[in-house]
Amino acid sequence: MELTGKEVDSVSSFSATDDGGWQLDVEVLELSRIPDTMSLLASYAVTLDSDGVLTDYRRVRRYERGRSDDRS
């Protein structure tokens, strides 16, 4: 939230990296709408080093909360 100013909705996955850090996929609420199923969310790939310090982040997709995932 400190970087984007957006509320984190959830962490959808995480895994350890070879250097002792972490790779996370974070879901962020980018635009709140009514009804909530029309709100816009985004997935961010986030990398932390072994001390938990952010080293990289990027938005990988943006989608409506109520939409099913078309990716295979």
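Residues numbered from 1 in each chain as written. Predicted model: local features only at pLDDT ≥ 70, side-chain atom pairs only at ≥ 80, totals over all residues. Heavy atoms only, no water.

This part covers the pairing of strand S2 (residues 22–31). By the bridge criterion, eight bridges tie strand S1 (residues 7–16) to S2 in an arrangement that is antiparallel. What sits directly across from serine 10, in S2, is glutamate 27. Pairing of S2 with strand S3 (residues 40–48) involves nine bridges; the strand directions are antiparallel. Among the inter-strand pairings, leucine 31 is bridged to a residue of S3, identified as leucine 40. (Pairing = 2+ DSSP bridges. Helix = DSSP H or I, 4+ residues; strand = E, 2+ residues; numbered from the N terminus.)

Mapped onto the elements, threonine 47 comes out in strand S3. The class for threonine 47 is buried, based on a relative accessible area of 18%. Of note is the side chain of threonine 47, whose polar atom sits 2.9 Å from the side chain of glutamine 23. Excluding residues within four positions of it along the chain, threonine 47 makes contact with Trp22, Gln23, Val53, Leu54, Thr55 and Asp56. (Buried < 20%, exposed > 50% of the residue type's maximum accessible area, 1.4 Å probe, protein only. Polar contact = N/O pair within 3.5 Å; in protein donor to acceptor, adjacent residues only side chain to side chain. Contact = heavy atoms within 4.5 Å.)

Another point: unusual backbone geometry. Excluding glycine, residues mostly carry a negative phi; peptide bonds, for their part, are mostly trans. Backbone torsion omega between isoleucine 34 and proline 35 reads 0°, so that peptide bond is classified as cis. Inspection of the secondary structure puts proline 35 in the loop between S2 and S3.

What follows is about the pairing of strand S4 (residues 54–64). Looking along a regular strand, one sees side chains alternate from face to face of the sheet. Inspection of the sheet shows S3 paired to S4 by nine bridges, in the antiparallel sense. Across the sheet, residue leucine 41 finds its bridge partner in S4, namely tyrosine 63. Taken together, S3 and the strand that follows it, S4, pair antiparallel across an intervening segment of five residues, in which glycine 52 is found at a positive phi of about 85°.

For any two aromatic rings, the description comes down to two numbers: the centre-to-centre distance and the angle of the planes. Across all of its chains, the model carries two aromatic pairs by this definition. Between tyrosine 44 and tyrosine 57 the ring centres are 5.9 Å apart and the planes differ by 35°, which places this aromatic pair in the tilted class. Residue tyrosine 44 is found in strand S3, and its partner tyrosine 57 is found in strand S4; the two are separated by 13 residues along the sequence. Under the relative-accessibility criterion, tyrosine 57 is labelled partly exposed at 35%. (Phe/Tyr/Trp six-rings, centres within 6.5 Å; stacked < 30°, edge-to-face > 60°.)

Keep in mind that these numbers describe shape and distance, not what the molecule does.
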